[in-house]
Structures are given as C-alpha cells and as structure tokens.
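# Close look at the chain arrangement
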Amino acid sequence: MPLIAVNDPQDARIEAYTLVRERDLVGRQGRFVAEGEVVLRHLLKAGSRYEAESVLIAENRVAALADLVETTPVPVYVASPAVMDSVVGFPIHRGILGIGRIGAPATADEVLANPGPGDRILVVAGVGNHDNMGGLFRAAAGFGARAVVLDSTACDPLYRKAIRVSVGASLITPWVRLGRGQDLIELLSRFGYAPWALTPSGEEVLSRARAEGPVAVIVGAEGPGLSPSILAKSRRLSIPMSPGFDSLNVGTAAAIALHHLASQI
C-alpha cells in the first residue's frame, strides 16, 4: 500500500491519533494505540485477537522502517515531526504510532485448558498501575508464562502506557480477565494450576520451592498485597531481602518467580 502524505494536523484521515493523552483517559471504544517500532511490529503480527487499522510515521523515520512500511497491509500515513507532534498533542520522539482494534475477549477455556506439567501462568490481582502492568506482561513473556490472568479490578493491559512498558508483550501474551466476584482459586483449581502466592510474609522461601505440575504465580498490588482469602488457599512464598527492607516492585517479584520456575523445566 503506498505511503500517504499528511500535511494538515486536522486531516480527518488521522483523527484517531489526535490528542492521544486526553483520549487515553476517556477510552477508545475497542481500539488502542501502539507506540514505538517494537510494539508496532508485535501488533502487525499479533493474529486474530488484535488487528491493525492504520499507521502514522514521522517522515524522518520512513527510511529506517522501509521493511515495515513496504509490507504493512493497512494505510501508512507520513507526516513531518512538527505535524505529528501537533496531532498527538506532545513531542512524539519515537515518531511511530499505530491504531489497533480489539477482537473478541479470550475465555479461560481458550487460554488455560489442558496445561502441560511445566506450564506456568501469571495471575494479577488488584494491580492498578499501568507501568507495573506493562512490567508484569514483559516478565510473563520473557520467562515463558503461558498466559496472564487478571482479576476484575486490575487495570487495562491495552492502555497505551501499559503496552509501551510491556514492549508489546501484552499484544502477544494470551490473557483473560475474570468476572466480578469470580473465585480465582476455584478457577485455577478447575484447570489444574497450583496457586503460588507471592507475599513478604510467606512461610516458604521461593528459591527452595519445587513445582510439581502446572503453577500459577499470583501477585497483588504494591502496598495492600493479596487478599486474605487468596493467601489462605495458596502456597505462600517469600523472596528474602536485606534486613530492614521487605518490598520489591511487583513486576520484579513476578520476574524472579517466573525465572525460578523456568529454571526447573
């Protein structure tokens, strides 16, 4: 598809890219923004769950992205950096944006059924920070988690900042969100996953824990952590740290646990 030059920030064809930060807050009605080269490449190969609609690239990035723009099957709009900054509402240093459309949400049966003995998933309960959500998906992808399960209160992994921090992992890692009031531990048990809850008060040290089948690593929001009901029904594991310090970033803790499990395969 030929490149489409855009010289007017008010051009209706690129309306989806206008005032990106403001529209992040109000939602995009089934669409999301992919920011940066790596994220855009993941979007373009994401498969049936997500579909690229268009791409907007600064003219000074076109040559470096020749392989991408020449094979992209959707409209590729090209603008000067100044026009692009005016459209999105802030300096967009990466000079690469895409609009993706969300397909039908995945079901638990699709992403969790029939686990192998070495399978592990990441379960995220109550995490509301988009940077942390992006880091969690990045850790899940990096250490081979089969899927991510979100409770009903966790923030959106397709929020622009979450996708960017995940380096596109939230577009290629299968995930499912539980319904409000759905019993997390019952769900894990139904599919055969042993619940491993990460908590500073865990009686068992993570580095000594051995998996005996599929495992679900469960993490909660920094501060409140996991609910008493989840902890009561899970294998509670801690990551010892230096005296006087007992807190890790949730993404870091999840990465340590997933790496520990990956090393056992």
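In what follows, the accompanying structure is described.

So, about the overall build of the chain. Regarding its fold elements, the chain presents eleven helices and twelve strands. Computed over its C-alpha atoms, the radius of gyration of the chain comes to 20 Å, within 12% of the 18 Å expected for a compact globule of 265 residues. Projected onto its principal axes, the C-alpha positions of the chain cover 60 × 40 × 35 Å. Out of the 265 residues belonging to the chain, those deemed buried represent 48%. Here the contacts in the chain between residues at least 6 apart in sequence split such that 75% fall between residues at least 24 apart. In the structure as shown, the chain presents an accessible area of about 12400 Å², 53% of it carried by carbon and sulfur atoms.

Counting residues in hydrophobic clusters, the biggest one holds 50 residues, and the most contacted among them are Leu122, Val124, Val217 and Val219. With sequence-adjacent residues up to four places away left out, valine 217 is seen in contact with Ile121, Leu122, Val123, Trp196, Leu198, Ala257, Leu258 and Leu261. Counting residues in hydrophobic clusters, the runner-up holds 24 residues, among them Ile121, Val149, Leu184 and Tyr193.

Here the focus is the sheet that holds strand β6 (residues 120-125). Strand pairing in a sheet takes place through backbone hydrogen bonds and is either antiparallel or parallel in direction. One open sheet accounts for seven strands, arranged β8-β7-β6-β11-β9-β12-β10; its pairing is parallel. The open sheet is flanked by β8 (175-177) and β10 (204-205), the only strands paired with a single partner. Along the sheet face, helix α9 (residues 184-191) touches β6, β7 (148-150), β9 (194-198) and β11 (215-220) and points at about 165 degrees away from the line of β11. The strands touched by helix α11 (residues 250-262) are β6, β9 and β11; relative to β11, the strand with the most contacts, the crossing angle is about 165 degrees.

Its location among the elements puts arginine 120 in strand β6. For arginine 120, which is buried and forms no salt bridge, the nearest opposite charge comes from aspartate 119, at a distance of 5.7 Å. In this structure the side chain of arginine 120 is engaged in a polar contact, spanning 3.2 Å, whose partner is the backbone oxygen of glycine 118. Apart from residues lying up to four places away in sequence, arginine 120 is in contact with Phe143, Gly144, Ala145, Arg146, Ala147, Val215, Leu258, Leu261, Ala262 and Ile265.

Note on strand geometry: in a regular strand, side chains alternate between the two faces of the sheet. Bridging between β9 and strand β12 (residues 235-238) involves three bridges; their strand directions are parallel. Looking at the pairing, alanine 197 lines up with arginine 236 of β12.

Each turn of an α-helix holds 3.6 residues, which means side chains three or four residues apart point in the same direction. Within helix α4 (residues 81-88), burial applies to Val83, Met84, Val87 and Val88. One side of α4 holds all its buried residues, which, seen down the axis, span an arc of 125 degrees. Looking one or two places after α4, you find glycine 89, whose phi comes out positive at around 95 degrees.

A pair of packed helices is captured by two measures, namely the crossing angle of their axes and the spacing between those axes. Relative to each other, helix α6 (residues 130-142) and α11 sit at 10 degrees, their axes nearing to 8 Å. With respect to α11, the axis of α6 lies roughly parallel. Facing Asn132, Leu136, Ala139 and Ala140 of α6, the residues of α11 in contact are Val250, Gly251, Ala254, Ala255 and Leu258. In the contact of α6 with α11, the residues fall into seven nonpolar, two polar and no charged.

What follows concerns the side chain of serine 170. Within the secondary structure, serine 170 sits in helix α8 (residues 169-172). On the accessibility criterion, serine 170 (1% relative accessible area) is buried. With sequence-adjacent residues up to four places away left out, serine 170 is seen in contact with Tyr50, Phe137, Pro157, Leu158, Ile163 and Trp175.

Definitions and cut-offs
- Residues numbered from 1 in each chain as written.
- Predicted model: local features only at pLDDT ≥ 70, side-chain atom pairs only at ≥ 80, totals over all residues.
- Heavy atoms only, no water.
- Helix = DSSP H or I, 4+ residues; strand = E, 2+ residues; numbered from the N terminus.
- Rg over C-alpha atoms; globule rule 2.2 N^0.38 Å.
- Buried < 20%, exposed > 50% of the residue type's maximum accessible area, 1.4 Å probe, protein only.
- Contact = heavy atoms within 4.5 Å.
- Areas by Shrake-Rupley, 256 points an atom, 1.4 Å probe, with all protein chains shown as cover.
- Core = buried A, V, L, I, M, F, W, Y, C linked by side-chain atoms within 4.5 Å.
- Pairing = 2+ DSSP bridges.
- Axes fitted to C-alpha atoms, helices over the stretch in contact; angles between N-to-C directions.
- Lys, Arg positive; Asp, Glu negative; His and termini not counted.
- Salt bridge = Lys/Arg side-chain N within 4 Å of Asp/Glu carboxyl O.
- Polar contact = N/O pair within 3.5 Å; in protein donor to acceptor, adjacent residues only side chain to side chain.
- Arc of directions from axis to C-beta.
- Parallel < 35°, antiparallel > 145°, perpendicular 65-115°, else oblique.
- Nonpolar A, V, L, I, M, F, W, Y, C, P; charged D, E, K, R; others polar.

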